[in-house]
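Descriptive structure summary
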Amino acid sequence: MKLHASSFGEIEIDEENVLTFPEGIPGFEQYKKFVIINNPDEENPFDWLQSVDNEDLAFVIINPFFVFPDYDITIPESAIEKLKIKDETDVFVYTIVVVPENLEDMTTNLSGPIIINGREKLGKQVILEDNRYITKHYIFKKEESRGE
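All figures in this text were calculated on a predicted structure; none of them were measured in a lab.

Focus on the environment of Y94
Among the secondary structure elements, Y94 is positioned in strand 7 (residues 91-98). Its relative accessible area of 13% is what places Y94 among the buried residues. The sequence separation of Y94 and L49 amounts to 45 residues, and the corresponding C-alpha distance is 9.6 Å. Contact partners of Y94, with chain neighbours within four places excluded, come to I36, D47, I61, I62, N63, P64, P113, I114 and I116.

Some words on the confidence of the model for the protein chain
Across the protein chain, pLDDT averages 89, with 89% of residues at or above 70. Mean pLDDT across the elements of the protein chain bottoms out in strand 1 (residues 2-5) (67) and peaks in strand 9 (residues 114-117) (98).

Thoughts on the packing of aromatic side chains
Using the criterion set out here, one finds 5 aromatic pairs in the structure. For the ring pair Y71 and Y133, a centre distance of 4.8 Å and an interplane angle of 70 degrees mean the geometry is edge-to-face. Taken together, the residues Y71 in the loop between helix 1 (64-67) and helix 2 (77-82) and Y133 in the loop between strand 10 (122-125) and strand 11 (137-138) connect sequence positions 62 residues apart. Relative accessible area serves as the criterion here: at 5%, Y71 is assigned to the buried category. Members of the aromatic cluster, connected to one another through ring pairs, are F21, F28, F34 and F59.

The rules behind the values
Residues numbered from 1 in each chain as written. Predicted model: local features only at pLDDT ≥ 70, side-chain atom pairs only at ≥ 80, totals over all residues. Heavy atoms only, no water. Helix = DSSP H or I, 4+ residues; strand = E, 2+ residues; numbered from the N terminus. Buried < 20%, exposed > 50% of the residue type's maximum accessible area, 1.4 Å probe, protein only. Contact = heavy atoms within 4.5 Å. pLDDT = per-residue confidence, 0-100. Phe/Tyr/Trp six-rings, centres within 6.5 Å; stacked < 30°, edge-to-face > 60°.

Okay, structure coming up:
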C-alpha cells in the first residue's frame with residue numbers, strides 16, 4: 001500500500017508491517033495504526049514511528065539498548081496481556097526521541113517505552129513505575145548528578 005507521509009513523501013509499505021496501537025499513544029489516542037520506517041543509514045540508530053492515519057504525525061524512535069546498554073525494564077503484566085505477548089523474542093522496545101534545535105540536547109523517554117509485539121503487530125506506550133528512568137534522558141550528554 002502507498003502511504004503519503006509529510007516527512008518522507010510517498011512511500012510503499014507492506015500492510016503486514018502495519019502496527020495497531022489499540023489505545024493509541026498518549027496525547028494521540030485517536031491514531032491507532034503506525035508503521036516503523038527504518039533509517040536507510042545503518043550507522044544511524046534513529047528510526048521513525050509513522051502514523052498511517054495522519055501523514056503529519058511521526059515520532060523519532062530509537063532502540064534504547066543502543067544508547068543505554070544497561071536499560072532494564074519489566075513490562076507490566078497488564079501490558080503483556082493487552083499486547084498478547086507469549087514469547088519475549090516477539091518483543092521489540094523503542095523509546096521516543098525529542099530532537100531539539102541543539103542536537104546535543106537530544107533526549108529520549110526511558111520511562112515511557114514503546115513496546116511492540118512483532119508477531120501480533122500490536123504496540124503500546126507503557127509508562128513504567130521505575131524511578132531509575134525519566135522522560136528526558138540525554139542521548140549525547142552525560143547525565144547530571146542527581147545527588148545520589
